[in-house]
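Examining the three-dimensional arrangement
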Amino acid sequence: MANVVIDIAAEFTGNKAFKNAQKSTSGLEKSVKKLGKQLLAVYSTQKLISFAKESAKAFAADQKSVNALNVALANTGNAFRSAEVKSFIADLEKTYGVIDDNLRPAFQTLVTATGDVTKSEKALNLALDIAAGTGRDLQSVSIALAKGYSGQTTALGRLGAGLSKATLKSGDMDKITAELTSKFKGQALSAAQGYAGQMDKLAVASENAKEIIGKDLLDTFSKIAGKDGIGGATTAMEALATQIGNVIVGIGVLASKLKSIPGFSAFITGLKTSMEYSPIGLLSKLGAKSKAGTPGLVPMQSPAQRAQAVKEARLLKEKNSLTAIDNANTTRKLTLTGDQLALEELKKKFDLTRIELNAALNNAVDRETQLRLLSLLAIHDNDAALAGKIKAEMDAAEAAKKLTAAMDASLAAWGAWQTMIGNSMAAAALSASQSAAASTITSPSYTPKPYAPGDIPGLSGTRGFSMASATSPTVVVNVSGSVTTERDLVSAITQGLYNNQASGIPVSYSTSYV
Amino acid sequence: MPVALKGVVDLRKALKGYSPDLAKALPKEIGSFLKPVVRAAKGYVPFESPLSGWTNTNSKFPAFDSKPIIAGIGYKTTPSKPNSRGFRSLAQIRNRSAAGAIYETAGRKNPGGSSRSKSRNPNAGRQFIEALEPLEGTGKERGRLIYKAYDNDRGAAQDGVIKAILKADKLFKARMADF
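Residues numbered from 1 in each chain as written. Chains lettered and ligands numbered in written order. Predicted model: local features only at pLDDT ≥ 70, side-chain atom pairs only at ≥ 80, totals over all residues.

Let us now look at the overall build of chain A. Broken down by element type, chain A carries 18 helices and three strands. For chain A, buried positions account for 19% of its 514 residues. A separation of at least 24 residues holds for 62% of the contacts in chain A among residues at least 6 apart in sequence. (Helix = DSSP H or I, 4+ residues; strand = E, 2+ residues; numbered from the N terminus. Buried ≥ 20, exposed ≤ 12 C-beta atoms within 10 Å, placed from the backbone. Contact = placed C-beta atoms within 7 Å.)

As structure tokens, then:
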């Protein structure tokens, strides 16, 4: 379709550029793949060198742990059992798929704590079970067990193994290990039989292979290096590994070509047989024989060192047995204390005096009686704490009583004062009525009455004093002079009060006059 | 020549996502600047065929008919696909009919007719071109309908489109700042 277009505005999004870039990248990728193939041979050699180094390192680490364990065995007087320990650790490694580099430090920790190889072997088995059951690492479990053998059971409690406090407090390792065994027996074996366990076993095999190769490499290069030792052999090793790598790559290339030839497998089988009797095969056999003859790496001890080690081991054993006795005594003491407390409780239940006092306490209504009865109970039980508490409560009650009495007295005084005021006013009114000469007016009579506490004179109320609200009885007030109305009387009294005030006479009901 | 802008496609996407009213308003505003050009271009379409023989519908050559030519002239405001050089058109004025395209561009490349003409009349091309209105505009941007209208507009449509886009961008940014 014909389409004539005027673009007003446009934006560059680089579609073509992207395509070009993509094309270039894919081209580069192809080139890299090609280069990768070319580099493979070189890389294989590098990997071989790296593997050789790793193997040597693995062997060195393994050797270090072996030496440390041997020293620990020697120090505890068990050097003569190093072969047995070696075999035990190798068996454990195969059975549970735990690398010997982990087993040896654990065993070392245990043997240092117990001083006994048999006990340490049992403990290591238990540690493996606990580690598999709780998911903790073997070393931390071994340390906890070792601490337990030294009398510190806190770490064992923190393992999350569900040990009872009583068992831990007792510090009895026989009891503790029995409980742990019952809880974790078979965990390590079960874990080793799973997929993870199988993988671990493979890893162990791989590590062992590394160690074996590393050992042979180091031995060989020690021989090659001569007086320069291993340090001087490193360069030689790398050079040799490069050569070996090249040979391996060459063999790989050759094998890939040979595979295509019919009947090549039969040829290989024949070659294996002939290799056994070839110079290389014989050399391999010689190497194997030489390795078999290599003496074990058990450290040598002088008779004095051995005697010292045996002595120290004996001392450690004695110390451990003393700790065990001490722990047992503590347990017994705790048990006795518990029994005594139980007896006391039972005794209290059948104490007649207590029963009577408790019955009275239950029937007592007021707090004072209750406190008295509680005091008697405290005295009976020799319970100082309860006695103190009751005494404090009784003192508080006494103080409250005194306060109430004081308040009553104060209110009575207040009532008396009010009565006095009322009486005075009534007397004043009466006096005024008696002195009246001429006119007589009729006023509401008033009979003074006693005031109760809280009554306020002058305020209207049922009991308060109030002239206005007083309607009966009638009070007759006689006033000298001309008083015609009640208003005149009030104004006369008021005026009289003002006069008194003006002349400085204190105004009171007893002194006021009109 | 189109003006090359940057980020307008993303702006349109953002407007659609976060400011739909602006997304709707922008094409309308762009259209308001392009409509006069389109209207003028439509006005340049002759009512009758410039050549009497061009109305033959039985020929393979597209027949001239003013109605589809006028209908084919319009504008587009949505971004196009990228062209071979990686550019996406943001606003276009289009002449989409075949006859309209011929009328628009005839004689732009070969003013005296193509040498590859198979007509028995060696002057057929030149005569055809001469029968049409003269081309207007400059360089490759010469034509008789949309190019003529665009040339006569003197860049007002282009300025308007750019202003509309910049305005939308400004408004959107202001809204985002408030948000």
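Helix and strand content of chain B: seven helices and five strands. For chain B, the N- to C-terminal ordering of α and β elements is β-α-α-α-β-β-α-α-β-β-α-α. Here chain B, with 179 residues, has 31% of them falling under the buried criterion. Restricting the contact set of chain B to residue pairs at least 6 apart, pairs at least 24 apart contribute 62%.

Residue and element names in this part refer to chain A. When pLDDT is averaged along chain A, the result is 75; 70% of the residues meet or exceed 70. In the model of chain A, strand S2 (residues 440-443) stands out as the element of lowest mean pLDDT, 51, in contrast to strand S1 (residues 4-12), which has the highest, 88. Here residues 293-298 is a poorly scored stretch, pLDDT under 50, and it has seven contacts once near neighbours within four places are set aside; other chains count. Confidence over residues 460-470 falls short of pLDDT 50; this stretch has 16 contacts with residues more than four positions distant or in other chains. (pLDDT = per-residue confidence, 0-100.)

A separate point is the interface of chain B and chain A. The partner chain A presents 17 residues to the 33 residues of chain B that form the contact. With nine residues, strand S3 (residues 87-95) of chain B is the single largest residue contributor to the side of chain B that touches chain A. For the side of chain B that touches chain A, the class distribution of residues is 19 nonpolar, eight polar and six charged. Judged from the eight bridges that link them, S1 of chain A and S3 of chain B form a sheet pairing that is antiparallel. Across the sheet, valine 4 of chain A pairs through a bridge with asparagine 95 of chain B, a residue of S3 of chain B. (Nonpolar A, V, L, I, M, F, W, Y, C, P; charged D, E, K, R; others polar. Pairing = 2+ DSSP bridges.)

With that settled, the discussion passes to helix H7 (residues 156-178) of chain B. Compared with the 33 Å implied by 1.5 Å per residue over 23 residues, the 33 Å span of H7 of chain B between its first and last C-alpha is a close match. Of the positions making up H7 of chain B, those classed as buried are Ala157, Gln158, Gly160, Val161, Ile162, Ala164, Ile165 and Ala168 of chain B. The inward-facing, buried residues of H7 of chain B contact S1 of chain A together with strand S1 (3-5), helix H1 (8-18), helix H2 (20-43), S3 and helix H6 (146-153) of chain B. (Expected span 1.5 Å × (residues − 1).)

All names here are of chain B. With burial as the criterion, only one face of strand S2 (residues 73-76) is covered, namely that bearing Ile73 and Tyr75; the residues Gly74 and Lys76 on the opposite face remain uncovered. Inspection of the sheet shows S2 paired to S3 by four bridges, in the antiparallel sense. Its bridge partner lying in S3, isoleucine 73 is registered against asparagine 95.

Now for the sheet that holds S1 of chain A. Strand order across the open sheet formed by four strands is S1(B)-S1(A)-S3(B)-S2(B), with mixed pairing between neighbours. The sheet is open, and its two edges are formed by S1 and S2 of chain B, each paired on a single side. In this sheet, adjacent strand axes meet at a mean angle of 25 degrees when their direction is disregarded. On top of the sheet, H2 of chain B reaches S2 and S3 of chain B; it is set at about 165 degrees to S2 of chain B, its chief contact. (Axes fitted to C-alpha atoms, helices over the stretch in contact; angles between N-to-C directions.)

Before going further, it helps to spend a moment on the environment of aspartate 216 of chain A. Residues and elements named next belong to chain A. Residue placement: aspartate 216 occurs in helix H10 (residues 195-225). The class of aspartate 216 is partly exposed, set by 16 C-beta atoms lying within 10 Å. Along the primary structure aspartate 216 and phenylalanine 59 are separated by 157 residues, whereas in three dimensions their C-alpha atoms are 9.2 Å apart.

Geometrically, a packed helix pair is captured by the angle between its two axes and the distance between the axes. Residues and elements named next belong to chain A. Where helix H3 (residues 100-114) contacts helix H5 (residues 138-149), the two axes come as close as 8 Å, and the packing angle between them is 5 degrees. With respect to H5, the element H3 is oriented roughly parallel. For the pair formed by H3 and H5, the contact residues are Asn102, Pro105, Ala106, Thr109, Leu110, Thr112, Ala113 and Thr114 on the first element and Leu138, Gln139, Ser142, Ile143, Leu145, Ala146 and Tyr149 on the second. Class assignment for the residues of the contact of H3 with H5 results in nine nonpolar, six polar and no charged. (Parallel < 35°, antiparallel > 145°, perpendicular 65-115°, else oblique.)

If you check helix H14 (residues 303-349) of chain A, its first and last C-alpha atoms are 69 Å apart, about what 47 residues at 1.5 Å a residue would give, namely 69 Å. Among the 47 residues that make up H14 of chain A, zero are buried, leaving the element largely open to the surroundings.

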